[in-house]
Amino acid sequence: MGQHKLIFTGPVGAGKTTAIASISDEPPVRTDELASDMTKQRKPETTVALDYGVMHLPGDEKLHLYGTPGQERFDFMWDILATGGIGLMILINNNRPDPLKDLGFFLQRFDTLIQSTAVGIGVTQRDLKADPDITQYQQLLKQMNIKAPVFEVDARSRTDVSLLVQALLFTLDPGLKPEMENEYVESKTA
Amino acid sequence: MSTEQTLKINIPGANTGLVNIVRAFVRQRYQLVENEQADVCIIDLDSHKADSMLASIREQFPVRPIIGLSLYDIDDDNIVHLKKPFRPDGLTQVLDQVKLDLDVPRIIVKDNNKGSLSKAASAVSDVKIGKQRAIAQNGIINRSKTEYYNPSDFLQGELIKAYKKSTGVGLNLRLEAWWNPIIIFPDIRKVWVDADDNQLQAYCRLPLKRFAKLQESTEKDVKLTPEPLLDMKKYAGSLQPMDAFLWKVAWWNAGGQLPVEISENDLIYLKHWPNITRYLCPDNVVQICAILHQGPVAARRIVDEIGFDAKEVFSLISAANSLGLIVKDEGKAPTVSVDVAEPSETVKQDTKKRKPKNTGLLRRILTHISRR
Ligand SMILES: Nc1nc2c(ncn2[C@@H]2O[C@H](COP(=O)(O)OP(=O)(O)O)[C@@H](O)[C@H]2O)c(=O)[nH]1
Ligand SMILES: [Mg+2]
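Keep in mind it's a predicted model, so treat the numbers as computed, not measured.

1. Comments concerning the overall build of chain B
Next up, step 1: For chain B, the helix and strand inventory stands at 13 helices and 15 strands.
Next up, step 2: Relative to its 372 residues, chain B shows a buried fraction of 51%.
Next up, step 3: Contacts in chain B between residues at least 24 apart in sequence constitute 70% of all its contacts with a sequence separation of at least 6.
Next up, step 4: Total accessible area on chain B stands at roughly 18,300 Å², and carbon and sulfur atoms take up 50% of it.

Here it is, written out as structure tokens:
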């Protein structure tokens, strides 16, 4: 059946693991797979840790939720993960030294995916550090000529994460109508 | 009537002011209806027409309970007295009591002819439902015509002025326009308000002038005082972000209307997304924002084409506008189509990049993730 994925990226501590756990239908796993082919030159014990969760849609369809591994040396994985994604979620930890620069970095790094789909940006840990505020992120987006929702998000809150995903979906298609309950049942049994 | 049923209220002879107050103060369980259908009447006993209205109600509906609003004590045991000025919980308490009394099973006296209800009994029965279709839930009448409000008649206007001053000079300001002061702390971009959302929402339905009257004060009572020495710690408990507070005040001030400066046919768009995770955010806000963010579109079109409740669309636009997020499009940009089935040719081009092939999948994800 359909295999689709939604990518979560952002710096370490931004809340990727937590956000995926907030909306996943199954307890999220952290895969510590041996990255065989790509790391032949590297030490054999090298592993790639990425977050994985899943949403079960009607008709055996799945939406896979992937969090990009944080370590810079695994960023070759990012392109592999991003290919075919329905959209991108960037989480930014406001409590890091230069969160605006972080956002600039991730927007550029995932430019191809963003240009062909859409991006939603969640600013986490604003309860721990209020600056920069959301308008500064919006200014940055404007400079970079990117139109995207930017919300304050607490990755531990399902509502926050869900609102950001909804905003991403409606950015992809503002005319989207949720399925009616009976449609849902029909497609489930189809 | 059963406990689940709404209590139907009529306010005979009242000006829109009092009607708005009651609308503001009561919730789902109550409904404003026309005289014949009401379970209870609310009468402003201080109005000059009070005596004649009272007499006429008692004539027509001898057993119907009457709530009388007055600044003064009254000695009529058949009137439930609510003393002015009253607070929302005061009004709901009285209404709850009346509802409880009515819920007690009543002996219905049958007239001898054709088994119809007696005049008295029919006064408290729930017939004539058809006529009430025009009256929506929450006591707000479904308007077919777009209505407008002037933000400067409401708290919203004063709040925006106060925000500007306060952030301009970087000083804490106390705004007195209400029952309780609002204190603005521009450094941390927070406001202090000593009221919960229910109270706020209720008071927001009142234009400031009307509010001043209710408080028995004169209209000049909007005051701004610098408070440079306030100890912020004392207020920490009920601080809220300035933007989130203004958003909801504007939402409630609008009450389903558009601000006068935006006509329903103006092409408008959102400068950027509001920070909706921290704002008052009813169900359709995300989608309406996405539509307004995509490109210029008329408010009326969002209502007609997507079929959203006009009140929600208009309130959202009012709230976004209070934060300066609504831009009027003066140019000739094509309007954005919100019609998924058949986008117009121009729009197809305009949004080619974004027009996904996988609408079905997106819908299923949306359905899944919007569940609570
Ligand atoms: N205080 C606070 N903590 C948060 C917020 N969002 C996430 N966290 C916490 O931040 C920590 C790092 O999150 P994690 O999901 O491991 O980040 P990752 O490195 O991107 O996967 C966890 O303890 C989360 O519970 C937030 O908005 N506020
Ligand atoms: Mg992690």
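2. Concerning the pattern of salt bridges
Residues and elements named next belong to chain A.
Next up, step 1: Tallying each qualifying case throughout the model produces 18 salt bridges over all chains.
Next up, step 2: Between Asp127 and Arg156 there is a salt bridge; the shortest N-O distance is 3.8 Å. A residue pair is termed long-range when its members are at least 10 positions apart, and Asp127 in the loop between strand 6 (119-124) and helix 5 (134-143) and Arg156 in the loop between strand 7 (150-152) and helix 6 (158-172) qualify at 29 residues.
Next up, step 3: Between Asp154 and Arg156 there is a salt bridge; the shortest N-O distance is 2.7 Å.
Next up, step 4: By relative accessible area, which is 22% here, Asp154 ends up partly exposed.

3. Looking at the domain arrangement of chain B
Residues and elements named next belong to chain B.
Next up, step 1: For chain B, the assigned domains read domain 1 (7-141), domain 2 (151-249) and domain 3 (265-371).
Next up, step 2: In this assembly, 7 residues from domain 2 lie in contact with 10 residues from domain 3.
Next up, step 3: For the pair domain 2 and domain 3, the two sides together bury roughly 810 Å², of which 72% comes from carbon and sulfur.
Next up, step 4: Counting the contacts that link domain 2 with domain 3 gives 0 salt bridges.
Next up, step 5: In this structure, the connection of domain 2 to domain 3 is made through 2 residue pairs in polar contact (both at pLDDT 80 or more).
Next up, step 6: No other element matches the 5 residues that helix 8 (residues 242-254) contributes to the side of domain 2 that touches domain 3.
Next up, step 7: Here the residues of the side of domain 2 that touches domain 3 are counted per class, giving 4 nonpolar, 1 polar and 2 charged.

4. A word on the packing of helix 3 (residues 99-109) of chain A against helix 5 of chain A
All names here are of chain A.
Next up, step 1: Contact geometry for helix 3 and helix 5: axes closest at 11 Å, N-to-C directions at 35°. Between helix 3 and helix 5 lies a crossing of right-handed hand. Each of Pro99, Leu100, Leu103, Gly104 and Leu107 in helix 3 lies in contact with helix 5, whose residues at this interface are Gln136, Tyr137, Leu140 and Leu141.

5. With respect to the interface of chain A and chain B
Next up, step 1: At the junction of the two partners, chain A supplies 47 residues and chain B supplies 37 residues.
Next up, step 2: When chain A packs against chain B, close to 3,900 Å² is buried across both sides, 60% of that on carbon and sulfur atoms.
Next up, step 3: For the pair chain A and chain B, the number of links is 3 salt bridges.
Next up, step 4: With a shortest N-O distance of 3.2 Å, B:Arg278 and A:Glu152 are connected by a salt bridge.
Next up, step 5: Joining chain A to chain B, the criterion identifies 17 residue pairs in polar contact (both at pLDDT 80 or more).
Next up, step 6: Elements represented by at least two residues in the side of chain A that touches chain B include exactly strand 3 (47-56), helix 4 (111-116), helix 5, strand 7, helix 6 and helix 7 (181-189) of chain A.
Next up, step 7: Of the residues forming the side of chain A that touches chain B, the biggest block, 11 residues, is contributed by helix 6 of chain A.
Next up, step 8: Of the residues assigned to the side of chain A that touches chain B, the class counts are 24 nonpolar, 10 polar and 13 charged.

6. Regarding the packing of aromatic side chains
Next up, step 1: Applying the stated criterion to the full structure yields 11 aromatic pairs over all chains.
Next up, step 2: With 5.0 Å between their ring centres and 85° between their planes, B:Trp192 and B:Tyr235 make a pair best called edge-to-face. With B:Trp192 in strand 9 (residues 190-193) and B:Tyr235 in the loop between strand 10 (223-226) and strand 11 (239-241), the pair connects residues that are 43 residues apart, well separated along the chain.
Next up, step 3: A relative accessible area of 14% means that B:Trp192 is categorised as buried.
Next up, step 4: Through a chain of ring-to-ring contacts, three or more aromatic side chains come together here, namely A:Trp78, A:Phe105, A:Phe106 and A:Phe110.
Next up, step 5: Of note, A:Arg109 hangs over the ring of A:Phe110, and the distance from its end group to the ring centre comes to 5.9 Å.

7. Digging into the pairing of strand 6 of chain A
All names here are of chain A.
Next up, step 1: A large share of strand 6 lies buried, amounting to 6 of its 6 residues.
Next up, step 2: Of the two faces of strand 6, both are covered, the one formed by Val119, Ile121 and Val123 as well as the one formed by Gly120, Gly122 and Thr124.
Next up, step 3: Pairing of strand 5 (residues 85-93) with strand 6 involves 6 bridges; the strand directions are parallel. Bridged to Ile90 within strand 6 is Ile121.
Next up, step 4: In terms of handedness, the path from strand 6 via helix 5 over to strand 7 forms a crossover that is right-handed.

8. Digging into the packing of helix 1 (residues 16-23) of chain A against helix 6 of chain A
For any two helices packed against each other, the geometry comes down to the angle between their axes and how far apart the axes lie.
All names here are of chain A.
Next up, step 1: Look at helix 1 against helix 6: their axes get within 9 Å of each other, and the N-to-C directions meet at 90°. Comparing their axes, helix 6 and helix 1 come out roughly perpendicular. Counted together, Ala19, Ser22 and Ile23 of helix 1 and Arg158, Val161, Ser162 and Val165 of helix 6 form the full contact between these two elements.
Next up, step 2: For the contact of helix 1 with helix 6, the residue count by class is 4 nonpolar, 2 polar and 1 charged.

9. Remarks on the environment of B:Glu34
Residue and element names in this part refer to chain B.
Next up, step 1: Among the structural elements, Glu34 can be located in the loop between strand 2 (30-32) and strand 3 (40-44).
Next up, step 2: Take Glu34: its relative accessible area is 39%, and that puts it in the partly exposed class.
Next up, step 3: Distance in space between the C-alpha atoms of Glu34 and Leu229 is 53 Å, their sequence separation being 195 residues.

10. Considering the site of ligand 1
Residues and elements named next belong to chain A.
Next up, step 1: Residues in close proximity to ligand 1 total 16 residues, the closest being Gly13, Gly15, Lys16, Thr17 and Thr18.
Next up, step 2: Measuring from an oxygen atom of ligand 1, one finds a side-chain N or O atom of Thr18 at 2.5 Å.
Next up, step 3: The separation between an oxygen atom of ligand 1 and a polar main-chain atom of Gln125 is 3.0 Å.
Next up, step 4: Protein coverage of the free-state accessible area of ligand 1, which is 590 Å², stands at 74%.
Next up, step 5: Here the element with the most residues in the shell around ligand 1 is helix 1; it accounts for 3 residues.
Next up, step 6: Broken down by class, the residue content of the shell around ligand 1 amounts to 6 nonpolar, 6 polar and 4 charged.

11. Details of the sheet that holds strand 14 (residues 297-298) of chain B
Hydrogen bonds between backbone groups are what pair the strands of a sheet, and the pairing can be parallel or antiparallel.
All names here are of chain B.
Next up, step 1: Read across the open sheet, the 3 strands follow the order 14-13-15; overall the sheet is antiparallel. Both edges of this open sheet fall to strand 14 and strand 15 (326-328), since each of them pairs with a single strand only.
Next up, step 2: Where strand 13 (residues 267-270) lies against strand 15, 3 bridges are found, and the strand directions are antiparallel. Residue pairing for strand 15: Leu270 is matched across the bridge by Ile326.

What counts as what
Residues numbered from 1 in each chain as written. Chains lettered and ligands numbered in written order. Predicted model: local features only at pLDDT ≥ 70, side-chain atom pairs only at ≥ 80, totals over all residues. Heavy atoms only, no water. Helix = DSSP H or I, 4+ residues; strand = E, 2+ residues; numbered from the N terminus. Buried < 20%, exposed > 50% of the residue type's maximum accessible area, 1.4 Å probe, protein only. Contact = heavy atoms within 4.5 Å. Areas by Shrake-Rupley, 256 points an atom, 1.4 Å probe, with all protein chains shown as cover. Salt bridge = Lys/Arg side-chain N within 4 Å of Asp/Glu carboxyl O. Domains from an automatic or database assignment. Buried area = accessible area lost by both parts, 1.4 Å probe. Polar contact = N/O pair within 3.5 Å; in protein donor to acceptor, adjacent residues only side chain to side chain. Nonpolar A, V, L, I, M, F, W, Y, C, P; charged D, E, K, R; others polar. Axes fitted to C-alpha atoms, helices over the stretch in contact; angles between N-to-C directions. Left-handed = near helix turned anticlockwise from the far one by under 90°. Phe/Tyr/Trp six-rings, centres within 6.5 Å; stacked < 30°, edge-to-face > 60°. Lys NZ or Arg CZ within 6 Å of the ring centre and 35° of its normal. Pairing = 2+ DSSP bridges. Right-handed = clockwise from strand over helix to strand, strands pointing away. Parallel < 35°, antiparallel > 145°, perpendicular 65-115°, else oblique. Near = heavy atom within 4 Å.

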